[in-house]
Amino acid sequence: MIGKHLKRRKDKYNPYRICERVGRYYLSFKDGQGVRHEMEIQKDLFNMLNRFELDYLSILNEWDRHIEHFEQTEQSFNRRACCKTELVEDTVLRNIEYEQLHKAISMLTETQQRRSKLYYFQGLTYKRIVDMEDCSTSAVVSSISAAIVNIRKILSK
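Structural notes, computed from the coordinates. Quick caveat: nothing in here was measured; it's all calculated off a predicted structure. (Residues numbered from 1 in each chain as written. Predicted model: local features only at pLDDT ≥ 70, side-chain atom pairs only at ≥ 80, totals over all residues. Heavy atoms only, no water.)

Topic: the overall build of the protein
When helices and strands are counted, the protein shows six helices and three strands. From first element to last, N terminus to C terminus, the protein shows the α and β order β-β-β-α-α-α-α-α-α. Considering the protein as a whole, with its 157 residues, one finds that 23% of them fall into the buried category. Total accessible area on the protein is roughly 12,100 Å²; 55% of this is exposed by carbon and sulfur atoms. (Helix = DSSP H or I, 4+ residues; strand = E, 2+ residues; numbered from the N terminus. Buried < 20%, exposed > 50% of the residue type's maximum accessible area, 1.4 Å probe, protein only. Areas by Shrake-Rupley, 256 points an atom, 1.4 Å probe, with all protein chains shown as cover.)

What follows is the structure, encoded as structure tokens:
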């Protein structure tokens, strides 16, 4: 079959080909047994299929030029290799553990809560906490240590 559209790029999932020969329009396709069939079609149907093929070809070309290669850099490959996606079950378990931890922290004394939050969640040093609260280093260290002991007791119940 010689037609003006045979040179057009085809997607492997496109089951048909269209062509025009001597003012007549044809659609060809392979059936389930791999036998090629050809049938004459109306010009309107040919134009519609032709427009569809051109639009689809435009999408394939955009994919090849832009989308498919957009993220393929060495940095993105390293990020994908190093940072595996977390399973839903792991996310749920982590959230439950965080909830239990925050509930345990809420059961501490006000001073233990404040100092342990400053130290563990805000990343302040003992010295910085001592300066903020105008107290001794041993007071800060002992209240944070006591908070850890109490949290362990609460969580082990």
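Once the structure has been displayed, the description carries forward.
Some points on the sheet that holds strand 3 (residues 36-41)
Read across the sheet, three strands follow the order 1-2-3 without closing on themselves; strand pairing throughout is antiparallel. In this open sheet, the two edge strands, each paired with only one partner strand, are strand 1 (16-21) and strand 3. Neighbour-to-neighbour, the strand axes of this sheet turn through a mean angle of 25 degrees, independent of strand direction. Bridge analysis of strand 2 (residues 24-30) against strand 3 gives six bridges, and the strand direction is antiparallel. The partner of Ser 28 across the bridge, within strand 3, is Glu 38. (Pairing = 2+ DSSP bridges. Axes fitted to C-alpha atoms, helices over the stretch in contact; angles between N-to-C directions.)

Comments concerning helix 6 (residues 137-156)
The α-helix winds at 3.6 residues per turn, so residues separated by three or four positions along the chain end up facing the same way. Taking 1.5 Å per residue, 20 residues should reach 28 Å; helix 6 reaches 29 Å between its end C-alpha atoms and fits that length. Restricting attention to buried positions, one finds in helix 6 the residues Val 140, Ser 143, Ile 144, Ala 147 and Ile 151. Each buried residue of helix 6 sits inside an arc of 95 degrees when the element is viewed along its axis, so together they form one side. Exposed side of helix 6, more than 90 degrees from the buried face: Ser 138, Arg 152, Lys 153 and Ser 156 are the residues found there. In the core, the buried residues of helix 6 are packed alongside helix 3 (88-106), helix 4 (110-121) and helix 5 (126-133). (Expected span 1.5 Å × (residues − 1). Arc of directions from axis to C-beta. Contact = heavy atoms within 4.5 Å.)

Describing unusual backbone geometry
One non-glycine residue, Val 22, lies in positive phi territory at about 50 degrees. You can see Val 22 is positioned in the loop between strand 1 and strand 2. Backbone geometry places Asp 134, a non-glycine residue, at a positive phi of 50 degrees. Its place among the elements puts Asp 134 in the loop between helix 5 and helix 6.

Let's talk about the pattern of salt bridges
The final tally for this structure, using the stated rule, is seven salt bridges. Here Glu 133 and Arg 115 are joined by a salt bridge, their closest N and O atoms 2.5 Å apart. Placement of Glu 133 in helix 5 and of Arg 115 in helix 4 is noted, with a sequence separation of 18 residues between them. The pair Glu 133 / Arg 115 is uniform in exposure class, with both members buried. (Salt bridge = Lys/Arg side-chain N within 4 Å of Asp/Glu carboxyl O.)

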